[in-house]
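Examining the three-dimensional arrangement
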Amino acid sequence: MPRLSEVIAALETLWPAERAESWDAVGTVAGDPDQQVTRVLFAVDPVQEIVDEAVKLGADLLVTHHPLYLRGTTTVAATHFKGRVVHTLIKNDIALHVAHTNADTADPGVSDALAGALDLRVTGPLVPDPTDPAGRRGLGRLCALDHPVTVRELAARAAERLPATAQGIRVAGDPEALVRTVAVSGGSGDGLFEQVRAAGVDAFLTADLRHHPVSEARAHSPLALLDAAHWATEWPWCELAASQLDEISDRHGWDLRVHVSKTVTDPWTAHAASPPSDPLGAPN
């Protein structure tokens, strides 16, 4: 059985910490480097519900995409919800490792997994990493479809293929417009509109789109925008990452048992659809 330090070293080859953004908090948050690892759980969020799942599963290592402490702290007291997470991890000998922006830009990374879930063919990064001479790493992905589909059909595909959430998929643009090329970016993506327009794609699928950036993006071009739940766009990476660790385990003869949490940790829990719009317009 491998030690935690050996498993972490293998994960660092996939998502080197030095490739994370300067503001990010990645790497090992809790865990004894000498402890043995037999079972690993992958999830998006290091919240109490996921940690309790790791305890029930008997996991020795929890790997999450989102950091537990992104802006630092002065306490891990169990009186605070993040402190309770730390206490639960330590009491049950569960290590926590985070791969965030270093997994976003990896090859393959978060957006590759998102594209794969939608059967989109990746043609390159949306924002290339200048340190990658092969031109494969970077933020977001540019994709092509084997056959054109309408925006409505692409949104329906995303709603069907991504994990179900209360939000579903929101669309800005002509639902009947044809889509041949798509940009995707797992997680919050409305800071990438300039790069998406420069790429000349027909549609952009991401998460956390806000009113003013979307309104301005629509004024700039006929680009169709598809807005999914943040958690749903990043969850496919858990399956990709688990398969990568499975391959490493087989290569080293570790016989790790690797799992992916299917617990929905998207914070939105319900959605009430608006009634059909009044043809006379919205009330004053």
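Quick summary incoming for the structure in this document. (Residues numbered from 1 in each chain as written. Predicted model: local features only at pLDDT ≥ 70, side-chain atom pairs only at ≥ 80, totals over all residues. Heavy atoms only, no water.)

**A few points about the state of the cysteines**
Applying the stated criterion across every chain yields a total of 0 disulfides. In this model Cys-143 remains outside any disulfide bridge; the closest cysteine sulfur is found in Cys-238, 19 Å from its own. With a relative accessible area of 0%, Cys-238 lands in the buried category. (Disulfide = S-S within 2.5 Å. Buried < 20%, exposed > 50% of the residue type's maximum accessible area, 1.4 Å probe, protein only.)

**Section: helix 6 (residues 151-161)**
Along helix 6, the positions that sit buried rather than exposed are Val-151, Leu-154, Ala-155, Arg-157 and Ala-158. All buried residues of helix 6 lie within an arc of 155° about the axis, which places them on one face of the element. Where helix 6 is buried, its residues meet strand 6 (138-150), strand 7 (170-172), strand 8 (178-188), strand 9 (203-207) and strand 10 (224-228). (Helix = DSSP H or I, 4+ residues; strand = E, 2+ residues; numbered from the N terminus. Arc of directions from axis to C-beta. Contact = heavy atoms within 4.5 Å.)

**Looking at the pattern of salt bridges**
Applying the stated criterion across every chain yields a total of 12 salt bridges. The shortest N-O distance in the salt bridge between Asp-227 and Arg-170 comes to 2.6 Å. On the criterion of sequence distance, the pair formed by Asp-227 in strand 10 and Arg-170 in strand 7 is long-range, its members being 57 residues apart. Arg-170 sits in the partly exposed class, given a relative accessible area of 45%. (Salt bridge = Lys/Arg side-chain N within 4 Å of Asp/Glu carboxyl O.)

**What about the nonpolar core?**
Within the largest apolar cluster, 54 residues are counted, with the highest numbers of intra-cluster contacts made by Leu-11, Trp-15, Phe-42, Leu-61, Trp-237 and Leu-245. With residues up to four places along the chain from it excluded, the contact list for Leu-61 reads Leu-4, Val-7, Ile-8, Leu-11, Val-37, Arg-39, Val-40, Leu-41, Ile-94, Ala-95, Leu-96 and His-97. (Core = buried A, V, L, I, M, F, W, Y, C linked by side-chain atoms within 4.5 Å.)

**Considerations on the side chain of Ser-249**
With respect to the helices and strands, the residue Ser-249 is situated in helix 9 (residues 230-252). Contact partners of Ser-249, with chain neighbours within four places excluded, come to Trp-254, Asp-255 and Leu-256.

**So, the packing of helix 2 (residues 48-57) against helix 3 (residues 81-91)**
Remark: helix 2 packs on helix 3, axes separated minimally by 10 Å, with the N-to-C direction vectors making an angle of 10°. It follows from the interaxial angle that helix 2 and helix 3 lie roughly parallel. The segment helix 2 lies against helix 3, with Gln-48, Val-51, Asp-52 and Val-55 engaging Phe-81, Arg-84, Val-85, Thr-88 and Leu-89. For the contact of helix 2 with helix 3, the residue count by class is 5 nonpolar, 2 polar and 2 charged. (Axes fitted to C-alpha atoms, helices over the stretch in contact; angles between N-to-C directions. Parallel < 35°, antiparallel > 145°, perpendicular 65-115°, else oblique. Nonpolar A, V, L, I, M, F, W, Y, C, P; charged D, E, K, R; others polar.)

**What about the environment of Val-40?**
With respect to the secondary-structure elements, Val-40 resides in strand 2 (residues 39-43). Judged by relative accessible area, Val-40 falls into the buried class, the value being 0%. For the pair Val-40 and Asp-246, spaced 206 residues apart in sequence, the C-alpha to C-alpha distance is 10.0 Å. Apart from residues lying up to four places away in sequence, Val-40 is in contact with Leu-61, Val-63, Leu-245, Leu-256, Arg-257, Val-258 and His-259.

In short, shape yes, function no, at least from these values alone.
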